[in-house]
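So the chains spell out like this:
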Amino acid sequence: SFFSLPIGWVVIALHLALSGAVFALGTLRPGEPASMRLFFSLSNWTLIFIAPAISMRLIAEEQRTGSIDNLMTAPVGESVIVVGKLLGAAMFLIAMLAPSLVYVAVLGTLASPDYNAIALGYLGLVLLGVFYLSIGLLFSALTANQVVAFLSTVFFVLLLQLVS
């Protein structure tokens, strides 16, 4: 359902526009090492806002529309529903990050980057994104309001960033 709603496409477009600008302006500098460090550090901060935008509807929308009752009476357990929603959101996150692999190809044609570091950077982004999505899923389950779920997740993740 992320691809059938405008918010999914807007989230992907904003992430790609911002990361593309950072890649073009910050990564491709003559005489500097071929690294995507700036891209990954920016993506860590953009995930603070992107992951809550993805996860705010996961359960809150079900509660708001009343379809949570139908979902909970399905012949599967609650944990299966929660894991399924989290995996769906994680797959959307991976689909959102996939077009940025073009940056790796561009960097590979212009220089000789460390592909192991880039692969680990992407793995770290996915793991951090799934962590943020799980926090968003929790706050989405605690409220029927999507905006409250979004803001609660953003503030909680920012608090985690400040404490660490």
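Source: prediction; values computed, not measured.

Turning our attention to helix H6 (residues 101-110). Buried within H6 we find Tyr103, Val104 and Leu107. Looking straight down H6, one finds that the buried residues subtend no more than 100° of arc, so they occupy a single side. Structurally, H6 contributes buried residues whose contacts are with helix H1 (6-27), helix H2 (37-55) and helix H7 (115-142).

Within the fold, glutamate 62 resides in helix H3 (residues 60-65). With a relative accessible area of 19%, glutamate 62 lands in the buried category.

The next subject is the packing of H1 against H6. Orientation of H1 relative to H6, taken along the N-to-C sense of each, is 15°, at an axis distance of 11 Å. Considering the angle they form, H1 stands roughly parallel to H6. Between H1 and H6 lies a crossing of right-handed hand. For the pair H1 and H6, contact is made by Leu16, Ser19, Gly20, Phe23 and Thr27 and by Tyr103, Val106 and Leu107, respectively.

A word on H7. Compared with the 40 Å implied by 1.5 Å per residue over 28 residues, the 41 Å span of H7 between its first and last C-alpha is a close match. Along H7, the positions that sit buried rather than exposed are Ile118, Gly121, Tyr122, Leu125, Gly129, Tyr132, Leu133, Ile135, Gly136, Leu137, Phe139 and Ser140. Residues of H7 that are buried make contact with H2, H3, helix H5 (78-97), H6 and helix H8 (146-163).

Counting through the fold element by element, serine 134 comes out in helix H7. Spatially, the C-alpha atom of serine 134 lies 9.3 Å from that of alanine 89, the residues being 45 residues apart in sequence.

Applying the stated criterion to the full structure yields seven aromatic pairs. With centroids separated by 4.8 Å and ring planes inclined at 15°, the aromatic side chains of phenylalanine 23 and tyrosine 103 adopt a geometry described as stacked. In this pair, phenylalanine 23 sits in helix H1 while tyrosine 103 sits in helix H6, placing the two residues 80 residues apart along the sequence. This pair shows no difference in class: phenylalanine 23 is buried, exactly as tyrosine 103 is. Each ring, one from phenylalanine 40 and one from tyrosine 122, has its centre 5.2 Å from the other, and the planes form 90°; the classification is edge-to-face.

Definitions and cut-offs
- Residues numbered from 1 in each chain as written.
- Predicted model: local features only at pLDDT ≥ 70, side-chain atom pairs only at ≥ 80, totals over all residues.
- Heavy atoms only, no water.
- Buried < 20%, exposed > 50% of the residue type's maximum accessible area, 1.4 Å probe, protein only.
- Helix = DSSP H or I, 4+ residues; strand = E, 2+ residues; numbered from the N terminus.
- Arc of directions from axis to C-beta.
- Contact = heavy atoms within 4.5 Å.
- Axes fitted to C-alpha atoms, helices over the stretch in contact; angles between N-to-C directions.
- Parallel < 35°, antiparallel > 145°, perpendicular 65-115°, else oblique.
- Left-handed = near helix turned anticlockwise from the far one by under 90°.
- Expected span 1.5 Å × (residues − 1).
- Phe/Tyr/Trp six-rings, centres within 6.5 Å; stacked < 30°, edge-to-face > 60°.

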